[in-house]
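So you can see what is in the structure, the chains are spelled out below.
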Amino acid sequence: MYTAHPDRYAEMPYRRTGRSGLKLPAISLGLWHNFGPADRTVETQRAILRRAFDLGVTHFDLANNYGPPPGAAESAFGEALRADLAGYRDELIISTKAGYLMWPGPYGEWGSRKYLLSSLDQSLTRMGLDYVDIFYSHRPDPDTPLEETMGALHSAVQQGKALYVGISNYSAEQTREAARILGELGTPLLIHQPRYSMLDRRPEGGGLLDALDELQVGSIVFSPLEQGLLTGRYLDGIPEDSRAASDSPFLSSDALTEDLVQQLRELDDLAKGRGQTLAQLALAWVLRGGRVTSALVGASSPKQIEDSVGTVANLDFDAEELARIDAIVNR
């Protein structure tokens with residue numbers, strides 16, 4: 001029987017999420033790619049979760065469609081929760097989302113009240129939970145009024161099925177409006193989950209980070225390692241077992257240009273000078289200065305989560321390092 005490490009809270013920093021009373025670990029574990037598929041053993045998945053929790057990672061992030069197949073990650077997580085972590089439920093932050101295609105027909109995706117609340121019920125059943133800590137609208141719906149989507153999130157809280165609500169992939173303008181609607185309903189917007197990395201800075205250029213600062217809303221960024229590009233796996237070509245070598249829609253081999261590989265090698269040299277891996281450098285960069293509450297990472301082994309958590313030993317940058325990073329990625 002699993003017993004959590006007694007010193008699990010000794011090293012991990014926890015950051016307050018916006019104006020709320022909720023704190024998130026600087027590193028959170030996302031179950032997007034590595035939970036549920038048949039080629040990942042149940043024991044490996046459970047070992048990753050146990051190691052993460054032992055290292056102070058208290059937040060596990062899911063969505064209804066994570067797998068494959070859709071729903072598989074939530075089912076696998078529910079089994080691991082019952083086997084190892086059920087006794088620690090009050091120490092955990094568990095989040096899920098709805099917005100992308102989940103089942104056939106007109107009510108199986110986007111942001112209608114029908115879809116969001118039905119999906120949440122299904123997610124709770126798969127995970128064997130009475131509630132999730134955070135329930136997200138996974139993407140804005142161009143056709144459904146935002147009042148309806150935010151009203152569904154508010155209802156999830158009123159029904160006791162979610163403690164907090166968030167949004168993901170919303171623009172700065174959409175975020176401001178969502179926060180206004182939720183505020184009027186009495187369920188504050190807790191958190192936004194955007195894509196953000198050294199190589200993808202749209203939350204900066206699009207004003208999203210500024211909007212979150214103004215609204216005092218937290219942020220948890222996904223793909224801070226840019227689908228593996230910033231892990232060091234591609235410094236010497238494309239490994240046969242890598243995402244870029246597969247038919248993954250998230251990273252193609254065409255993305256690995258000579259210029260990009262040279263940039264990655266220069267970033268890796270900078271990381272070594274800081275006593276970090278390239279992945280640790282990338283995670284520290286998104287967490288710099290405290291604007292981002294938490295960085296979401298995936299892991300295919302306990303060792304990978306150990307490397308990610310090792311980031312917290314050095315989250316500070318001097319002006320010269322930041323300027324060098326900008327010069328490398330922006331040339």
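Residues numbered from 1 in each chain as written. Predicted model: local features only at pLDDT ≥ 70, side-chain atom pairs only at ≥ 80, totals over all residues. Heavy atoms only, no water.

Enquirer: How would you summarise the sheet that holds strand E9 (residues 218-221) if you had to cite specific residues and measurements?
Expert: In spatial order, the strands read E3-E4-E5-E6-E7-E8-E9-E10; together these 8 strands close into a barrel with parallel pairing. Between one strand and the next, the sheet's axes are offset by a mean angle of 30°, whatever the strand orientation. Relative to strand E6 (residues 132-137), strand E5 (residues 93-98) runs parallel, the two sharing 4 bridges. By the bridge assignment, Ala98 is partnered in E6 with Ser137. Each of E5 and E6 touches helix H3 (residues 113-127); the most contacted strand, E5, lies at about 140° to it. (Pairing = 2+ DSSP bridges. Helix = DSSP H or I, 4+ residues; strand = E, 2+ residues; numbered from the N terminus. Axes fitted to C-alpha atoms, helices over the stretch in contact; angles between N-to-C directions. Contact = heavy atoms within 4.5 Å.)

Enquirer: Could you give me a rundown of unusual backbone geometry, with the residues and numbers involved?
Expert: The peptide bond linking Gly67 to Pro68 adopts the cis configuration, its omega dihedral lying at 0°. Tracing the sequence through the fold places Pro68 in the loop between strand E4 (59-61) and helix H2 (72-85). Of note, the bond from Pro68 into Pro69 is cis; its omega dihedral lies within 30 degrees of zero at -10°. In this structure, Ser223 is a non-glycine residue whose phi angle is positive, near 55°. Topologically, Ser223 is positioned in the loop between E9 and helix H8 (258-273). In this structure Ser223 comes out as buried when scored by relative accessible area, which is 9%. (Buried < 20%, exposed > 50% of the residue type's maximum accessible area, 1.4 Å probe, protein only.)

Enquirer: For helix H5 (residues 172-185), give the residues involved together with the corresponding values.
Expert: The terminal C-alpha atoms of H5 lie 20 Å apart, and with 14 residues this matches the ideal 20 Å at 1.5 Å per residue to within 8%. Every buried residue of H5 is accounted for by Ala172, Thr175, Ala178, Ala179, Ile181 and Leu182. Trailing H5 by a residue or two, Gly186 shows a phi angle of about 95°, which is positive. (Expected span 1.5 Å × (residues − 1).)

Note that all results are geometric; they support no functional claim without further evidence.
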